[in-house]
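Residue strings, one per chain:
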Amino acid sequence: MSRLFATRPGDDGLPGPERRLAVLALILGTLAAVVDTTMINLALPTIARDLEVSAARAVWVTNLFQIVCAAFLLVFAAVSELVSRRRLYVAGLALFVLASLGAAVSRSLEVLLVFRGLQGLGAAATLSIGPSLYRSIFPTRLLGSALGLSALVVAGGYAAGPTIGGLVLSVANWPWLFALHVPLGLCALVLAWRALPREPRRAGGFDGRGALLSVAMLGTFFLAMDGVGHGTPVWQVFAWLATSLVAGVLFLRRQRRASHPLLPPSLFREPRFSMAVSASGLAFIGQGLAFVALSFLYQQEKGFSPLETAWLFTPWPLAIMLVGPLAGRLADRVNPSLLASAGLVLLLLGLVSLALLDAGAGVVDGLWRTGLCGLGFGLFQPPNNREMMSSVPRELSASASGVLSTTRTVGQSLGVALVGAFLAAGAPVQATLWVGGGACLLSLVASLARVSSARQAQAERRGSAAGAASSRPD
């Protein structure tokens, strides 16, 4: 860990000692948003009872946060260039903290939903630019290690969320789940204002029309995906999808003509970036699908209790926490595309082994298979993210970061929706795991397609570093 904060001559990014506080600000801000995603789910039955609403309406306490957050990721990535990433991150944290306090004192579902929407906006502002901030804080030689640390934080937050939620609910009521974000968010707010790098703002306008189309495209897509998972009438799901498709076509046309496009088309002219985005989206489809499918598989078909099911999930995020930082560190030294591809092979084997679970399988059978999936995903994600962020010019880092976050969210939501669609059609749960395996196989193909170009880019980077070292005076 100490190597992350060591300074070498010629390093870009912040000086070593200044990285510590900046990274702590990112860690605390990310944890607040990620833990919320999994922690609040446990409280939905209690919220429904206390606010005297149906369970179906209470689900929107989670859904609204996720839909708003996902819909605004690309928008805030573009806004950060106008106001600076530091100011946007601080503003997002401040909004998240204030909205958390408002949610904690809410006494009706309508008021609670308003504050949940504001929480989603605040989370979108911070999550959209997180990866690009790691790139501005750390030197290029440590970018993989930094993104490995980011993967550890996200996995740890997802793993800890249900536990934290359960502990709080065992001694206090649900408003304290929201109040818990206030001290954590305030600490992150102070650190972010003090330690995040200051940077000039981009001159020029903002693509307001593109922003509206982006929100419409992503918002209606996630409404459709949520509808698939909750049994919404088919006509309504198709109406949302049609709206998303039309908005998407208009958005892409707008980006080709806008003077300051929300999503610069030049991003996707770099094959390494395009392949990394494709690999990431397909891998997250597999992960999102597996998380939901395994809940049904373990409880409905294998007869495990909810508590046993929770324990069976634990190896996945724990393996990411263990392997992610190591994979990121290795990605700074060897071809990251090869590492990512190796991780996808393990993830594919894990999903196939879960699909082949027989009726008499015990807890241990599920544990090692789930752990294998986590090892694969932990080996895949940091190197792939490194490829995504390092393959574009530094001035496009914010846009690349927004694409990274949006791709992850779209992939997960599509995976969840596929499970809902398969179950609604009467397909067995394990059939959906084969679909997840197919998505991982396609991800592997995309990852292998950029191996040679990644090798060439790595050789050029080493040559540039060697040239810079030789030009320095003794």
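Scroll up to find the structure this text is about.
Residues numbered from 1 in each chain as written. Predicted model: local features only at pLDDT ≥ 70, side-chain atom pairs only at ≥ 80, totals over all residues. Heavy atoms only, no water.

Colleague: Would you take a moment to explain the environment of Ala-342 for this structure?
Modeller: In this structure, Ala-342 sits in helix 17 (residues 336–355). Once the C-alpha coordinates of Ala-342 and Gly-376 are considered, the two residues, 34 residues apart in sequence, prove to be 7.4 Å apart. (Helix = DSSP H or I, 4+ residues; strand = E, 2+ residues; numbered from the N terminus.)

Colleague: What's the story with helix 2 (residues 44–51) in this structure? I'm lost.
Modeller: Three or four residues apart is the spacing at which side chains of an α-helix point the same way, because the helix has 3.6 residues per turn. Taken together, the buried positions of helix 2 are occupied by Leu-44, Thr-46, Ile-47, Ala-48 and Leu-51. Once helix 2 ends, the next one or two residues include Glu-52, with phi positive near 55°. (Buried < 20%, exposed > 50% of the residue type's maximum accessible area, 1.4 Å probe, protein only.)

Colleague: Can you walk me through helix 17 in this structure?
Modeller: In this model helix 17 runs 29 Å from its N-terminal to its C-terminal C-alpha over 20 residues, within 8% of the 28 Å that 1.5 Å per residue would give. Taking burial as the measure, the 20 residues of helix 17 include 14 buried ones, the bulk of the element. Backbone nitrogen of Ser-337 and a side-chain oxygen of the N-cap are separated by 2.9 Å at the start of helix 17; the cap is Asn-335. (Expected span 1.5 Å × (residues − 1). Polar contact = N/O pair within 3.5 Å; in protein donor to acceptor, adjacent residues only side chain to side chain.)

Colleague: Where do I start with the side chain of Ser-399 in this structure?
Modeller: Its location among the elements puts Ser-399 in helix 19 (residues 397–424). With a relative accessible area of 4%, Ser-399 lands in the buried category. Not counting chain neighbours up to four residues away, the residues in contact with Ser-399 comprise Glu-81, Leu-262, Pro-264 and Leu-267. (Contact = heavy atoms within 4.5 Å.)

Colleague: For this particular structure, what's the right way to read the nonpolar core?
Modeller: Nonpolar side chains in soluble globular proteins tend to be buried together. With 73 residues, the main nonpolar core has Tyr-89, Ile-137, Phe-138, Leu-196, Leu-267 and Phe-273 as its most contacted residues. Filtering out sequence-adjacent residues up to four positions away, Ile-137 remains in contact with Gly-13, Leu-14, Arg-19, Ala-22, Val-23, Leu-26, Leu-196 and Pro-197. Within the second largest apolar cluster, 33 residues are counted, among which are Phe-313, Leu-348, Val-429 and Cys-440. (Core = buried A, V, L, I, M, F, W, Y, C linked by side-chain atoms within 4.5 Å.)

Colleague: Quick question: what am I supposed to make of the packing of helix 1 (residues 16–39) against helix 6 (residues 85–104) here?
Modeller: To describe two helices that pack against each other, one gives the angle between their axes and the distance between the axes. Direction vectors running N to C along helix 1 and helix 6 enclose 40°, while the axes themselves pass 12 Å from each other. Considering their axes alone, helix 1 and helix 6 lie oblique with respect to each other. Once helix 1 is placed against helix 6, the crossing between them reads as left-handed. Between helix 1 and helix 6, the residues in contact are Ala-25, Leu-26, Gly-29, Thr-30, Ala-32, Ala-33 and Asp-36 and Tyr-89, Leu-93 and Phe-96, respectively. In the contact of helix 1 with helix 6, the residues fall into seven nonpolar, two polar and one charged. (Axes fitted to C-alpha atoms, helices over the stretch in contact; angles between N-to-C directions. Parallel < 35°, antiparallel > 145°, perpendicular 65-115°, else oblique. Left-handed = near helix turned anticlockwise from the far one by under 90°. Nonpolar A, V, L, I, M, F, W, Y, C, P; charged D, E, K, R; others polar.)

Colleague: When you look at the packing of helix 1 against helix 7 (residues 109–127) in this model, what are you seeing that I'm missing?
Modeller: It is at 10 Å that the axes of helix 1 and helix 7 come closest, and there the two elements cross at 135°. With respect to helix 7, the element helix 1 is oriented oblique. Where helix 1 crosses over helix 7, the two elements pack in a sense that is left-handed. The segment helix 1 lies against helix 7, with Thr-30, Ala-33 and Asp-36 engaging Arg-116, Gln-119, Ala-123 and Leu-127. For the contact of helix 1 with helix 7, the class distribution of residues is three nonpolar, two polar and two charged.

Colleague: When you look at the side chain of Thr-407 in this model, what are you seeing that I'm missing?
Modeller: One can find Thr-407 in helix 19. With relative accessibility at 12%, the residue Thr-407 sits in the buried group. If near-sequence neighbours (up to four positions away) are discounted, Thr-407 is found in contact with Val-277, Ser-280 and Gly-281.

Honestly, it's all geometry; don't read function into it.
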